[in-house]
Amino acid sequence: MNWITNYVRPRINSIFSRREVPENLWKKCDECGVMLFHRELSDNQMVCTSCNHHMHITPRARFEALFDGGVFTEVEVPEPVADPLKFRDQKKYPDRMKAAQKKTEETEAMLVARGEIGRTPIVATAQDFSFMGGSMGMYVGNAIIAAAEEAVKLKRPLVLFSAAGGARMQEGILSLMQMPRTTVAVQMLKEAGLPYIVVLTHPTTGGVTASYAMLGDVHISEPNALICFAGPRVIEQTIREKLPEGFQRAEYLLDHGMLDRVISRTAMRDELIKIIRMLMKQPPQVVGDLPAPTPDEAQNDESAAETAADTAEQTS
């Protein structure tokens, strides 16, 4: 026995037999610094179990938690012209789009879907802030119009989850034109007598706040979400004054009458069910009355709803 046998060989064996541990098993909360296990955090919809800090969540993950059984059907959105202005800053616009699509594994900054929550049929649409800051471009305008048309066709309420840094500069005036376009889409819902509920998430700013994000029948926000047109730093530099604590945050806007509710993400689904059923003049939900639909049942329900809507259009 010598040092090679006693030390070197066990050391070599331990190196080669060491199991690789994934780096994304734990996530640190940006607010309180607590390390959170990824599965526990995902089950809690990306809300810190220690301080209730609401982290970023993708539209797809949000819909999986929102719809019954996580079952929903995506609504097709017309594709706009890819690069209408041939815009280039540090990168070409198509290159930025490809990078965002690779990062998020989504086509664009908004996802539109239909399904049921608490056995209540709805159409929902959500912005993804991780896709170029959730910026409002022509696709987002098309998505909101498609969502509104789907809601009117199926006679369902529309729920919109906003999260954006404003208009998309790479599309210039064409992005700003989405403000009146989406306003017209919201008016379609109002004329059809259908509820339009907006859930403002962190952050909702710029032209989004100046259009469809503040035109809802009911405005709900997640806690501590930044909601504004111009950011607090810009305002401070303009007026050269210190702003109040929590200025432009959800709780501040609630106190000043700009919001109807501030609800935690984990309680959002139940709150939406109550509000939607009340606005649609339906009886309160009976909890546990029916099991969540299977994908096949959901598809059959969607086909039946579309057939009924087509029949109604033909008879009218």
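Residues numbered from 1 in each chain as written. Predicted model: local features only at pLDDT ≥ 70, side-chain atom pairs only at ≥ 80, totals over all residues. Heavy atoms only, no water.

- The name given to the protein chain in an unreviewed UniProt entry is Acetyl-coenzyme A carboxylase carboxyl transferase subunit beta, and the organism recorded there is Tritonibacter aquimaris.
- Among the UniProt annotations of the protein chain, the heading Function (unreviewed entry) holds the following wording: "Component of the acetyl coenzyme A carboxylase (ACC) complex. Biotin carboxylase (BC) catalyzes the carboxylation of biotin on its carrier protein (BCCP) and then the CO(2) group is transferred by the transcarboxylase to acetyl-CoA to form malonyl-CoA."
- Its UniProt record gives the protein chain the following Subunit (unreviewed entry) comment, quoted word for word: "Acetyl-CoA carboxylase is a heterohexamer composed of biotin carboxyl carrier protein (AccB), biotin carboxylase (AccC) and two subunits each of ACCase subunit alpha (AccA) and ACCase subunit beta (AccD)." (UniProt positions renumbered as here; feature names shortened; annotations may be inferred.)

1. Focus on the pattern of salt bridges
Stage number 1. The full count for this structure, using the stated rule, is twelve salt bridges.
Stage number 2. Between Glu-116 and Arg-119 there is a salt bridge, with the nearest N and O atoms lying 3.4 Å from each other.
Stage number 3. Residue classification places Arg-119 among the partly exposed residues on the basis of a relative accessible area of 26%.
Stage number 4. Three or more residues joined by partner-sharing salt bridges are found here, namely Arg-60, Glu-74 and Glu-106. (Salt bridge = Lys/Arg side-chain N within 4 Å of Asp/Glu carboxyl O. Buried < 20%, exposed > 50% of the residue type's maximum accessible area, 1.4 Å probe, protein only.)

2. Description of the packing of helix 5 (residues 138-154) against helix 7 (residues 178-191)
Stage number 1. It is the contact of helix 5 with helix 7, at a shortest axis distance of 9 Å, that shows an interaxial angle of 10 degrees. Classified by the angle between their axes, helix 5 and helix 7 sit roughly parallel to one another. Where helix 5 abuts helix 7, its residues Met-138, Gly-141, Asn-142, Ile-144, Ile-145, Ala-148, Glu-149, Ala-151 and Val-152 lie against Gln-178, Arg-181, Thr-182, Ala-185, Met-188 and Leu-189.
Stage number 2. For the contact of helix 5 with helix 7, the class distribution of residues is nine nonpolar, four polar and two charged. (Axes fitted to C-alpha atoms, helices over the stretch in contact; angles between N-to-C directions. Helix = DSSP H or I, 4+ residues; strand = E, 2+ residues; numbered from the N terminus. Parallel < 35°, antiparallel > 145°, perpendicular 65-115°, else oblique. Contact = heavy atoms within 4.5 Å. Nonpolar A, V, L, I, M, F, W, Y, C, P; charged D, E, K, R; others polar.)

3. So, the UniProt feature "zinc finger region: C4-type" (unreviewed entry) in the protein chain
Stage number 1. On the UniProt side, "zinc finger region: C4-type" (unreviewed entry) is annotated at positions that read residues 29-51 here.
Stage number 2. Spanning residues 29-51, this segment combines 26% helix with 13% strand, and its end C-alpha atoms are found 9 Å apart.

4. Here's the deal with the sheet that holds strand 8 (residues 218-221)
Stage number 1. Pairing is mixed across the open sheet formed by seven strands, whose spatial order is 3-4-5-6-7-8-9. Of all strands in the sheet, those bounded by a partner on one side alone are strand 3 (72-74) and strand 9 (261-262).
Stage number 2. Bridge analysis of strand 5 (residues 120-127) against strand 6 (residues 158-164) gives four bridges, and the strand direction is parallel. Each bridged residue has a counterpart across the sheet, and for Ala-126 the counterpart in strand 6 is Phe-161.
Stage number 3. Strands strand 3, strand 4 (110-117), strand 5, strand 6 and strand 7 (196-204) of the sheet are contacted by helix 3 (residues 59-66), whose axis makes an angle of about 160 degrees with strand 5. (Pairing = 2+ DSSP bridges.)

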